[in-house]
Amino acid sequence: MALLVRVLRNQIPISIAQWVPVCSWLVPLSPTQGQWGRALSGIFQKIKIAALRMYTSCVKKTDFEEFFLRCQMPDTFNSWFLITLLHVWMCLVRMKQEGRTGKYMCRIIVHFMWEDVEQRGRVMGVNPYILKKNMMILTNNFYAAILGYDEGILSDDHGLAAALWRTFFNQKCEDPRQLELLVEYVRKQIQYLDSMNGEDLLLTGEVSWRPLVEKNPQSVLKPLSPVYNDEGL
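Computed from a predicted structure; not experimentally measured.

A. Fine view of the overall build of the chain. Check the secondary structure of the chain and you find nine helices and zero strands. Scanning the chain from its N terminus toward the C terminus, one meets helices and strands in the order α-α-α-α-α-α-α-α-α. Counting over 233 residues, the chain shows a buried share of 46%. Taking the intrachain contacts of the chain between residues at least 6 apart in sequence as the baseline, contacts between residues at least 24 apart amount to 72%. In the form shown here, the chain has an accessible surface area of approximately 12900 Å², with 56% of it arising from carbon and sulfur atoms.

B. Highlighting the packing of aromatic side chains. Here the structure, examined in full by the defined rule, presents nine aromatic pairs. Aromatic side chains Trp-89 and Tyr-149 sit 5.0 Å apart centroid to centroid with 45° between the ring planes, which places their arrangement in the tilted category. In this pair, Trp-89 is assigned in helix H4 (residues 77-95) and Tyr-149 in helix H6 (residues 128-153), connecting sequence segments 60 residues apart. Centre to centre, the rings of Trp-114 and Phe-142 are 5.5 Å apart; their planes meet at 75°, and the pair counts as edge-to-face. Linking Trp-114 in helix H5 (residues 99-123) with Phe-142 in helix H6, this pair joins segments that are 28 residues apart in sequence. Cluster of aromatic residues (ring-pair linked, three or more members): Phe-67, Phe-168, Phe-169 and Tyr-185. Sitting above the plane of the Tyr-192 ring, Arg-210 keeps its charged end 5.5 Å from the centroid.

Cut-offs and rules
- Residues numbered from 1 in each chain as written.
- Predicted model: local features only at pLDDT ≥ 70, side-chain atom pairs only at ≥ 80, totals over all residues.
- Heavy atoms only, no water.
- Helix = DSSP H or I, 4+ residues; strand = E, 2+ residues; numbered from the N terminus.
- Buried < 20%, exposed > 50% of the residue type's maximum accessible area, 1.4 Å probe, protein only.
- Contact = heavy atoms within 4.5 Å.
- Areas by Shrake-Rupley, 256 points an atom, 1.4 Å probe, with all protein chains shown as cover.
- Phe/Tyr/Trp six-rings, centres within 6.5 Å; stacked < 30°, edge-to-face > 60°.
- Lys NZ or Arg CZ within 6 Å of the ring centre and 35° of its normal.

Okay, here's the thing in structure tokens:
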């Protein structure tokens, strides 16, 4: 099963350009829009690319095996989704601070997430009818989780722990050390994302994650500035 998860996790194409057209319908460009319309479309296109990179960081730079081990989660698609959802939510929390542009980027990140989830379901050979039904369930769970996590992050550690217990652990965590570990992880991760430059995130979408367990608990390193060309790519 671990091999299957690794194979599915690598289904995201290497070429970012392969995925950008998925969201082209969000900002249609009319031939009559002229130079301003083309310039605006170019900006949105860059945001789409950055959003894809940010979503990709949630599935490519996260150590799923460590979460399975330390949180005693079964190596299943549902566990993969719960871990991915948590990291996507943290990205959304950060990007919502960047005004209207950041909120637009949040929409694209979520769109790419559902495209990926649906693709993984097809790769696993799930019946189309069952897949559609499960997608509806996952969608409801996603927005309920976002609401719960939003309330938790604005609360104290007890409130955040309750949100993680309800959603991430599905009310089945009996080891308080696992909850404590995850609360600490979310707090330091949010702090780490907040230290990243907003303009850089909008231009590149490059996000890195702190390890679930720090070798040096006192260290939360300042992230390196991303490298991009004159076009912001």
